[in-house]
Amino acid sequence: MNSVYQPLFHSITLRSGVEVKNRMVMAPMTNFSSHDDGTVSDDEVAYYARRSGGVGMVITACANVTENGKGFHGEFGAHRDEMIPSLRRLAQAIQAKGAKAVLQIFHGGRSCPPELVPNGDVVSASAVANEAAGAVVPRALEDAEIRDIVTAFGEATRRAIEAGYDGVEIHGANGYLIQQFFSPHSNRRTDEWGGSLEKRMAFPLAIVDEVTRVVREHANRPFLVGYRFSPEEPTTPGITMDDTLALVDKLADQPLDYLHVSLMDFWSKPHTGADTSQTRLALIQRQVGERVPLIGVGSIHTPDEARAALETGVPLIALGRELIMEPDWVAKVEQGRTSEIRTTLSKNDRETLVIPEPLWQAIINTPGWFPVV
Ligand SMILES: Cc1cc2nc3c(=O)[nH]c(=O)nc-3n(C[C@H](O)[C@H](O)[C@H](O)COP(=O)(O)O)c2cc1C
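Residues numbered from 1 in each chain as written. Predicted model: local features only at pLDDT ≥ 70, side-chain atom pairs only at ≥ 80, totals over all residues. Heavy atoms only, no water.

Enquirer: Pulling in residues and values, what's your account of the pairing of strand β11 (residues 294-297)?
Expert: Side chains of β11 alternate between two faces, with L294 and G296 and I295 and V297 buried alike. In the sheet, strand β10 (residues 258-261) pairs with β11 via 2 bridges, with the strands oriented parallel. By the bridge assignment for β11, H260 is matched with I295. The parallel pair β10 and β11, bridged by helix α8 (residues 280-288), forms a crossover whose chirality is right-handed. In the classification by handedness, the crossover that spans β11, the intervening helix α9 (residues 303-311) and the parallel strand β12 (residues 316-319) is right-handed. (Buried < 20%, exposed > 50% of the residue type's maximum accessible area, 1.4 Å probe, protein only. Helix = DSSP H or I, 4+ residues; strand = E, 2+ residues; numbered from the N terminus. Pairing = 2+ DSSP bridges. Right-handed = clockwise from strand over helix to strand, strands pointing away.)

Next comes the structure, spelled out in C-alpha cells:
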C-alpha cells in the first residue's frame, strides 16, 4: 500500500469500547430488496457480505421501529421480536467479513407511502405535507403516540442487541420522522414537542435518552450508539445551519459514539446562516470539537479524496454509492491497486457486483444518481 493512505487504516476505539479497525464506513443505503414481511432476503444478505470485507463498519439500510414507520417498499423491519432471526442473519453476514455491524433505526413519518402503513394512517409531528407534488397530509401524532414511538426506538435497540449487532444508528436525517420533529416546516406543535428550537429538539433527545438507557440495561458487551442528521432543509421555514449547530452542540454532550452528517457532497457549504465561507462539515467539526467523533460522507470516490477528507480532522469517512460500484475499494487501496478502483457503473455490472435486482432498477431508473456508463 502507498504509505500516504496509511491514516485511513488507523483503528479507532469509540466511547462504548467498540474498536473499529479502520476509518472507512459503509454508508447506510436502502436497497428495496427485503421480503414484504420485513425479513431480509438472500440477495440482500449477499449484497452486504460482498461489501463488508474491507471497511471498519457497515451501517445497514434503515429499519422501521414501528409498523407505521415503514418508509420504503422492500425495507426490513426491527419492529417486532419475530424480526430478530432476520436481523441476526444480516449482522452475522457483515461480521463474518470482519466489519462491525450497525443497524440504522428509523420511522419514516410523513414520508411513508400510505399503502405501507396500517389503514394508510400516515403520521408526523404536525398535519403538514412535504412540498413534493401530491404529498400526503399526515395526521399529527398525539402525545401518547409520540411517547410510544420513543419507546419503540428503545425496543428496536434491544432487538439489535439480541440479534448480535455492534450498535445502532438513530436515523435523524433525510427528512424522516426525527427530522420532522426538529424541522420548523413539519413541526408546528405548541406543546412540549414543538414551538421553539429547544422544544423541536425534545423528540430527538428523548430518543437518544431511551436508546442509551436500553443499551445500559441490556448490552453486556460494548455496543455503540450513533446519530445521523441532515444539516439544512431547502424549505422556508426549514432547518438552518444555525439550528443544526445548536442541535449538534446538545448531541455532543450525550453518551453517543459518533455523529454522522448526511450529505451528498462532503465539501458542500451552508446555504444560509452560519459562515457560508466554510464547509458544513468544518462548521460541525468545530462545534463538536473533541467531544464526539464525526462521520463525514458525500461523493468520496478515490482514496486521495478520502485522504483529503480525513485530513480536515473528520475522523471517519463513509462511502455510499462508491461501495455499490466498487465493493473491493478498501482491498484495492490496501493492495496498492488504486488505479483499478471503479468509479462508474456499467450496465453489465449487476451480477458481478452482487447488486439485488430492486436496487439495480432504482439505480438505473434514477437519472443523475449514479454514473452509469
Ligand atoms: C441507494 C441509496 C439509498 C440510501 N438509503 C439511505 C438510508 O437508508 N439511510 C440513510 O441515512 N441514508 C441513505 N442514503 C444516503 C447515503 O447514506 C449517503 O449519505 C449518500 O449516498 C451520499 O454518500 P455517497 O456520495 O458516498 O453515496 C442512501 C443513498 C443511496 C444512494
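Enquirer: I'd love a proper account of α8, names of residues and values included.
Expert: Three or more residues of α8 are buried, namely R280, L281, L283, I284, Q285 and V288. Residues of α8 that are buried in the fold lie against β9 (224-229), α7 (241-251), β10 and β11. (Contact = heavy atoms within 4.5 Å.)

Enquirer: Go over the site of the ligand, please, and point to the residues and values.
Expert: Lining the immediate surroundings of the ligand are 19 residues, of which P28, T30, R228, S299 and R321 lie closest. T30 places a side-chain nitrogen or oxygen 2.7 Å from an oxygen atom of the ligand. At 2.6 Å, a backbone N or O of S299 approaches an oxygen atom of the ligand. If the ligand stood free it would expose 600 Å²; the protein chains cover 94% of that surface. Looking at the shell around the ligand residue by residue, the classes come out as 9 nonpolar, 8 polar and 2 charged. (Near = heavy atom within 4 Å. Polar contact = N/O pair within 3.5 Å; in protein donor to acceptor, adjacent residues only side chain to side chain. Areas by Shrake-Rupley, 256 points an atom, 1.4 Å probe, with all protein chains shown as cover. Nonpolar A, V, L, I, M, F, W, Y, C, P; charged D, E, K, R; others polar.)

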